[in-house]
Amino acid sequence: MRKAVCPGSFDPITNGHIDIIKRAAELFDEVTVLVVTNPDKKCVFSPEERAELIKKATAEISGVKVDLFSGLLADYVKANGICAIVKGIRSSSDFEYEFQMALANRSLAPGAETVFITADPQNMYVSSSLIRQIATFGGDVSDFVPKSIVEEIEKRLK
Ligand code: PNS
């Protein structure tokens, strides 16, 4: 079984993330969407809230699981027999940031490859921080996140 992981902060999950997860699910037998800690970010949603939103948003995609982890991604990858770390790339600045992490993860977990999937052009500008800003000021986020979680995000951030 070819298992992949899509790790991230997902604060909250966006349509851009969903597109990458769907496309990863076409390539691998099982994809775990993993809420992991980014020490450089102070998240608004708790890890448990983020995992619940992801579960709702990915419920219809077959072969997708959701999990939480607070340690090194490479340790999760090794402990769970994962062969690929899937990341979405929207821009050259995403690539700079992801390339460094891919090299570090290659050294820490040599059995796994990082696989980059390019964002769909319509999601190139979509980010979790954009959604947080729009919802915080009472805007409509329904174009940017799955319908099943719009209300929860707007209510939580307003
Ligand atoms: O969505 P993000 O915040 O850009 O994702 C970055 C994330 C969370 C995947 C990265 O910070 C991470 O892998 N954190 C887990 C801790 C870890 O393994 N750090 C070393 C990465 S080489």
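Notes on the structure in this doc start here.

Analysis parameters
Residues numbered from 1 in each chain as written. Predicted model: local features only at pLDDT ≥ 70, side-chain atom pairs only at ≥ 80, totals over all residues. Heavy atoms only, no water. Helix = DSSP H or I, 4+ residues; strand = E, 2+ residues; numbered from the N terminus. Rg over C-alpha atoms; globule rule 2.2 N^0.38 Å. Buried < 20%, exposed > 50% of the residue type's maximum accessible area, 1.4 Å probe, protein only. Contact = heavy atoms within 4.5 Å. Areas by Shrake-Rupley, 256 points an atom, 1.4 Å probe, with all protein chains shown as cover. Lys, Arg positive; Asp, Glu negative; His and termini not counted. Charge placed at Lys NZ, Arg CZ, Asp CG, Glu CD. Axes fitted to C-alpha atoms, helices over the stretch in contact; angles between N-to-C directions. Parallel < 35°, antiparallel > 145°, perpendicular 65-115°, else oblique. Left-handed = near helix turned anticlockwise from the far one by under 90°. Near = heavy atom within 4 Å. Polar contact = N/O pair within 3.5 Å; in protein donor to acceptor, adjacent residues only side chain to side chain. Nonpolar A, V, L, I, M, F, W, Y, C, P; charged D, E, K, R; others polar. Pairing = 2+ DSSP bridges.

This next bit is on the overall build of the chain. Scanning the chain from N- to C-terminus turns up six helices and five strands. Walking the chain from its N terminus toward its C terminus, one meets helices and strands in the order β-α-β-α-β-α-β-α-β-α-α. Relative to the 2.2 N^0.38 estimate, which gives 15 Å for 158 residues, the radius of gyration of the chain is 15 Å and therefore close to what a compact globule would have. Based on the C-alpha atoms only, the size of the chain along its principal axes is roughly 45 × 30 × 30 Å. The buried share among the 158 residues of the chain stands at 45%. Long-range contacts, defined as pairs at least 24 residues apart, comprise 74% of the intrachain contacts of the chain with a sequence gap of at least 6. In the form shown here, the chain has an accessible surface area of approximately 8,800 Å², with 52% of it arising from carbon and sulfur atoms. The average position of the 19 basic charges and that of the 22 acidic charges among the side chains of the chain differ by 3 Å.

This part covers the packing of helix 5 (residues 128-136) against helix 6 (residues 147-157). Taken N-terminus to C-terminus, the directions of helix 5 and helix 6 make an angle of 65°; their axes are 8 Å apart at the nearest point. As far as their axial angle goes, helix 6 and helix 5 are roughly perpendicular. Viewed along their axes, helix 5 and helix 6 form a crossing whose handedness is right-handed. The segment helix 5 lies against helix 6, with Ile 131, Arg 132, Ala 135 and Thr 136 engaging Ile 153, Glu 154 and Leu 157.

With that out of the way, let us pick up the site of the ligand. Near the ligand lie 14 residues; those nearest to it are Ser 9, Thr 37, Asn 38, Lys 41 and Leu 73. Between the ligand and Leu 73, the relevant distance is 2.8 Å, taken from an oxygen atom to a main-chain nitrogen or oxygen of the residue. Considered on its own, the ligand offers 540 Å² of accessible surface; in the complex 83% of this is hidden by protein. Tallied by class, residues from the shell around the ligand come to six nonpolar, six polar and two charged.

The element strand 1 (residues 3-8) is extensively covered by neighbouring structure, given that five of its six residues are classed as buried. With six bridges joining them, strand 1 and strand 2 (residues 30-36) adopt parallel strand pairing. Paired with Ala 4 across the strands is Val 31, a residue of strand 2. Summarising the sheet, strand 1 and strand 4 (residues 84-89) pair through two bridges and their orientation is parallel. Counterpart to Val 5 in the pairing with strand 4 is Ile 85.

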